Amino acid sequence: CKEGFTYTPISGKCYKLQAPLSWTDANVSCQSTGGHLASIPDQETNDYLTSITSVYTWVGGYRLEVEGSDWGWTDGSQWNFTNWAPGKPDTVTQRYAAMYSNGQWDDGTGGSKAPSICQQSPCYEYHHKSEALVCYDAYALRGQDFCDGSVEDCSKKGEEHCNQNPKCFGYQIH
């Protein structure tokens, strides 16, 4: 993981708690470090994220359309799990997801400043002959093979890894 982020095998991702910002500013801040606001695909990840914060915290959920009922994650992962607090989401003008200290979710307007959780995929370094292959865009879609189009820049070793790994990464000769 990059400095300041902590890896968990629960999700296979790295996380960092950020200082209080609006949801939009928190999202931009995460993207500027190569990550996204945290997506929560399952109860285990929800429990882990609850353990790293003790206050109301922004996560990466957002309404796909203004005043719509469908939600998505900023990293594009599938919206397969929810942990809404009773009665939530309650107002269609509240477009952004936050997590209470008990792990249940709220829908908020996004304007108030709150801590947020950034996530990144880990970077791995591989050695092939004398060249290091360094993950430069760690795309990982849970349970899917996914290459980011940079395979043509890879050595044979990196390409083989990309083709065989269910969480496929793009490599660049460093």
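Here's a quick rundown of the structure.

Inspection of the secondary structure assignment puts Tyr62 in strand S4 (residues 57–63). Classification of Tyr62 as partly exposed rests on a relative accessible area of 24%. Each C-alpha atom, one on Tyr62 and one on Ala98, is 9.5 Å from the other, the two residues being 36 residues apart in sequence. Residues contacting Tyr62, with those up to four places away along its chain left out, are Trp23, Asp70, Trp71, Gly72, Trp73, Thr74, Arg95 and Tyr96.

Turning next to the pairing of strand S8 (residues 114–120). Counting buried positions along S8 yields 7 of 7 residues, so the element is predominantly enclosed. When strand S2 (residues 13–21) meets S8, the two strands line up antiparallel, connected through 6 bridges. Across the sheet, Cys14 pairs through a bridge with Gln120, a residue of S8. Pairing of strand S3 (residues 36–37) with S8 involves 2 bridges; the strand directions are antiparallel. When the sheet's bridge partners are listed, Leu37 is paired in S8 with Cys118.

Its location among the elements puts Thr50 in helix H2 (residues 43–51). Of the polar contacts made by the side chain of Thr50, one reaches the backbone oxygen of Asn46; its length is 2.8 Å.

Moving on, we come to H2. Buried within H2 are the following residues: Thr45, Asn46, Tyr48, Leu49 and Thr50. Elements that come into contact with the buried residues of H2 comprise strand S1 (6–8), S2, strand S6 (96–99), strand S7 (105–108) and S8. Among the residues of H2, the N-terminal cap falls to Asp42, whose side-chain oxygen and the backbone nitrogen of Glu44 are separated by 3.4 Å.

Here we take up the pattern of salt bridges. Taken as a whole and assessed by the stated rule, the structure comprises 4 salt bridges. The residue Asp107 makes a salt bridge to Arg63 at a minimum N-O spacing of 3.4 Å. Residue Asp107 is located in strand S7, and its partner Arg63 is located in strand S4; the two are separated by 44 residues in the primary sequence. For the pair shown, Asp107 and Arg63 are each scored as buried.

Summed over all chains, the structure comprises 13 aromatic pairs. Residues Trp23 and Tyr96 carry aromatic rings whose centres are separated by 4.2 Å and whose planes lie at 25 degrees to one another, so their mutual orientation is stacked. On the criterion of sequence distance, the pair formed by Trp23 in helix H1 (residues 23–32) and Tyr96 in strand S6 is long-range, its members being 73 residues apart. Comparing Trp23 with Tyr96, the two get one shared label, buried. For the pair Phe81 and Trp105, a centre-to-centre distance of 5.8 Å together with 80 degrees between the ring planes defines the contact as edge-to-face. Of this pair, Phe81 sits in the loop between strand S5 (71–73) and S6 while Trp105 sits in strand S7, and the two are 24 residues apart along the sequence. Across the pair, Trp105 and Phe81 agree in class, each one buried. Members of the aromatic cluster, connected to one another through ring pairs, are Trp71, Trp73, Trp79, Phe81, Trp84 and Trp105.

Calculation criteria
- Residues numbered from 1 in each chain as written.
- Predicted model: local features only at pLDDT ≥ 70, side-chain atom pairs only at ≥ 80, totals over all residues.
- Heavy atoms only, no water.
- Helix = DSSP H or I, 4+ residues; strand = E, 2+ residues; numbered from the N terminus.
- Buried < 20%, exposed > 50% of the residue type's maximum accessible area, 1.4 Å probe, protein only.
- Contact = heavy atoms within 4.5 Å.
- Pairing = 2+ DSSP bridges.
- Polar contact = N/O pair within 3.5 Å; in protein donor to acceptor, adjacent residues only side chain to side chain.
- Salt bridge = Lys/Arg side-chain N within 4 Å of Asp/Glu carboxyl O.
- Phe/Tyr/Trp six-rings, centres within 6.5 Å; stacked < 30°, edge-to-face > 60°.

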